[in-house]
Amino acid sequence: MNKTYLCFFALMLALLSCSPQRKQHRIGVSQCSEDIWRDWQNAEMRMEASFHENVALTFTTAHDDSQRQSQQIDSLVASGIDLLIVAPNQLSSVSPAIDRAYDSGVPVIVFERKTDSQKYTAFVSADNYEMGRQMGEYIAMRLDGKGQLMEILGLKGSSPADERHRGFRDAIAHYPDLKVVATLQGDWTEETAYEAVKAYLHHQPSINIDCVFGHNDRTAMGARKAMLEVSGFRFQVSGSQVSGSQSQTLPMFCGIDGLPGENGGIQQVRDSLLTASYIYPTRGDLLLQVALDILEGRSYEKEVMLTSALVTRENANVLLLESDEVMRRAQQLELLQEKASGYLHQLNAQRVVMWLAGIVIFLLLIAIVLFYLYHRNKVNMQRERVVQNLWNMPEAISSVPEGTTIPMQTEDDGAQTPSDEEEAASAPSTFITRFKEVVEKRMDDSELSVEDIAADMNLSRVQLYRKVKSLSGSSPVELLRTARLNRGYQMLLTTDKSISEVAYAVGFSAPAYFTKCFKDEFGMVPGEVRK
Ligand code: FRU
């Protein structure tokens, strides 16, 4: 019985501890670099994640180091992430780590920069070749198809650098009077471009450049800074705009990224620091949505191509206004979210307290029930044992049909409270033996009363009552009747005596009363025992 209750208890606990929360998605984001573009993207991912209570993001940045990025990917996978979002620093050097992640069963979203392997779940990017091509067309248009160009490449071995370069060259190939006089190796950073241009101009002080195409805005800005310095012009700078008699000799600077916000490419175009840029969409929000589609088993596109657009003086203002508006909304949203998550925390804390209180109350109830059952069981067993011992008539007791219980009555037969000395009666075993002897000896005596038994045992009626009651849970009268009936049952089975004879033999003065008591005790009339 106790086992059943323990199982029930365990089940209830399991049910109680089952929280209705959804599965937590641990998403690792491996960024190749840390810069303004990545910051935007990470912020977008964080913002999107905050709309889902079951997303945990872990960001790593490799600071343009492929080996470092490979190690970081391995660590992310080892930490147990459910999905990896990765912008590989270079096309091939990070691929083995990405393959390992994919092979270990972790879905992989490669974004913006490619790997040279097919082991990815989805790829999200804008078209880098097309950006380079359109930028080439735009520059050709601005220069009427003739002039000298400088190209500053992105990081060697990274796919956007290669694709932007090819697109750019394919476009200007149509303009024989457009010449790329300088191709400098960059690595996406402003500093490297600045140093490279400075070094180049040092060796080519009289070179005439009409336009610099940097593979990203930061590169173009680095080149601009270097040219301003090295050429030795004495410019007057009003705000961020260059003015002065020789300002027209400054080449055009074009880049890619077209970020919104303070010091972003759109603002730089509006302020004429750059002639043009091309929006390279960050779309961290979309990345996370694709991740959740994959993790939650919804359909998704394996190759997601993002749309983008050229930024020029003509549209920079509108784009900036629009992006400012979007940012303003995002800030409001963020504030709202902060408030909402504050409330949510409070609510959660309250929920936890209520759950705990519920569990404590439940445990208490269970403990009380178990204690009660255990106690009742123990008392019952004790009493059954005592009644059996007390009536150690193996034949009689063993012949009692299974499931028959000996009644436990709390009838008060006029007992007075005994003194402590009386309480100190004989030990249970001696008492039981004595009680049995007396009853056995006078079993057929219908006149045998409790007083007689007490007297035979040298006890008062009260002492006898208390002793019998405490040992068996029954009163002496009940116990005497049980003994008579048990003996009757046995005689019916083992002798040919009539029912009346048996009734008299076990001390019943009226056979009808014997039959009634017998039925009450065994659930059948004496005749049925014979059958
Ligand atoms: C950001 C960045 C961008 C560039 C892109 C190329 O880390 O350098 O400026 O457009 O990566 O992958």
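Above this text you will find the structure in question.
Throughout what follows, the structure given in this document is the object of discussion. (Residues numbered from 1 in each chain as written. Predicted model: local features only at pLDDT ≥ 70, side-chain atom pairs only at ≥ 80, totals over all residues. Heavy atoms only, no water.)

Notes on empty space enclosed by the protein
Right, on to step 1. Inspection of the entire model under this criterion finds 2 cavities of 30 Å³ or more.
Right, on to step 2. Of the volumes computed, that of the largest cavity is approximately 100 Å³.
Right, on to step 3. If you trace the largest cavity, you find it lined by S33, D35, W37, R38, E112, R113, R164, W188, N216, R218, D257 and Y280.
Right, on to step 4. Tallied by class, the residues present in the lining of the largest cavity amount to 3 nonpolar, 2 polar and 7 charged.
Right, on to step 5. Domain assignment of the residues forming the lining of the largest cavity places at least three in each of domain 1 (26-120 + 281-306) and domain 2 (128-278).
Right, on to step 6. The calculated volume of the second largest cavity comes to roughly 60 Å³.
Right, on to step 7. Taken together, 13 residues make up the lining of the second largest cavity; nearest its centre are Q41, V124, P281, T282 and L306. (1 Å grid on protein atoms, 1.4 Å probe; cavity = no way out; pocket = protein on both sides within 12 Å on 5 of 7 lines; lining within 4 Å. Points joined across faces, edges and corners; volume = space filled by probe spheres on them. Nonpolar A, V, L, I, M, F, W, Y, C, P; charged D, E, K, R; others polar. Domains from an automatic or database assignment.)

Remarks on helix 19 (residues 511-522)
Right, on to step 1. Its 12 residues give helix 19 an end-to-end C-alpha distance of 16 Å, which sits within 8% of 16 Å, the value for a rise of 1.5 Å per residue.
Right, on to step 2. The set of residues buried in helix 19 consists of F514, C517, F518, E521 and F522. The buried residues of helix 19 occupy one face: seen down the axis, they fall within an arc of 110°. For helix 19, exposure combined with an orientation more than 90 degrees from the buried face picks out A512 and D520. (Helix = DSSP H or I, 4+ residues; strand = E, 2+ residues; numbered from the N terminus. Expected span 1.5 Å × (residues − 1). Buried < 20%, exposed > 50% of the residue type's maximum accessible area, 1.4 Å probe, protein only. Arc of directions from axis to C-beta.)

Some remarks on the layout of surface pockets
Gaps left between atoms show up when a probe the size of a water molecule is rolled over them.
Right, on to step 1. For the largest pocket, the calculated volume is near 990 Å³.
Right, on to step 2. As for the largest pocket, its lining consists of 34 residues, of which W40, E44, P260, T282 and V326 are closest to the centre.
Right, on to step 3. Among the secondary structure elements, those contributing two or more residues to the lining of the largest pocket are helix 2 (36-49) and helix 11 (313-390).
Right, on to step 4. Among the elements that make up the lining of the largest pocket, the one with the highest residue count is helix 11 (11 residues).
Right, on to step 5. Class assignment of the residues belonging to the lining of the largest pocket gives a composition of 17 nonpolar, 8 polar and 9 charged.

Focus: the sheet that holds strand 5 (residues 122-126)
Right, on to step 1. Reading across from one edge, 2-1-3-4-5-13 is the order of the 6 strands in this open sheet, with parallel pairing throughout. Among the strands making up the open sheet, the edge pair consists of strand 2 (55-61) and strand 13 (303-306). Within this sheet the neighbouring strands show an average axis-to-axis angle of 15°, counted without direction.
Right, on to step 2. For strand 3 (residues 83-86) and strand 4 (residues 108-111), the ladder comprises 3 bridges, and the chain directions are parallel. (Pairing = 2+ DSSP bridges. Axes fitted to C-alpha atoms, helices over the stretch in contact; angles between N-to-C directions.)

Some words on the pairing of strand 8 (residues 211-214)
Right, on to step 1. Burial along strand 8 is two-sided: the residues C211 and F213 and V212 and G214 are all buried.
Right, on to step 2. Pairing of strand 6 (residues 146-153) with strand 8, which is carried by 4 bridges, proceeds in the parallel orientation. In the strand pairing of strand 8, L149 is matched with C211.
Right, on to step 3. Judged from the 3 bridges that link them, strand 8 and strand 11 (residues 252-254) form a sheet pairing that is parallel. Counted as the bridge partner of V212 is F253 from strand 11.

Worth remembering: the numbers are spatial, not functional.
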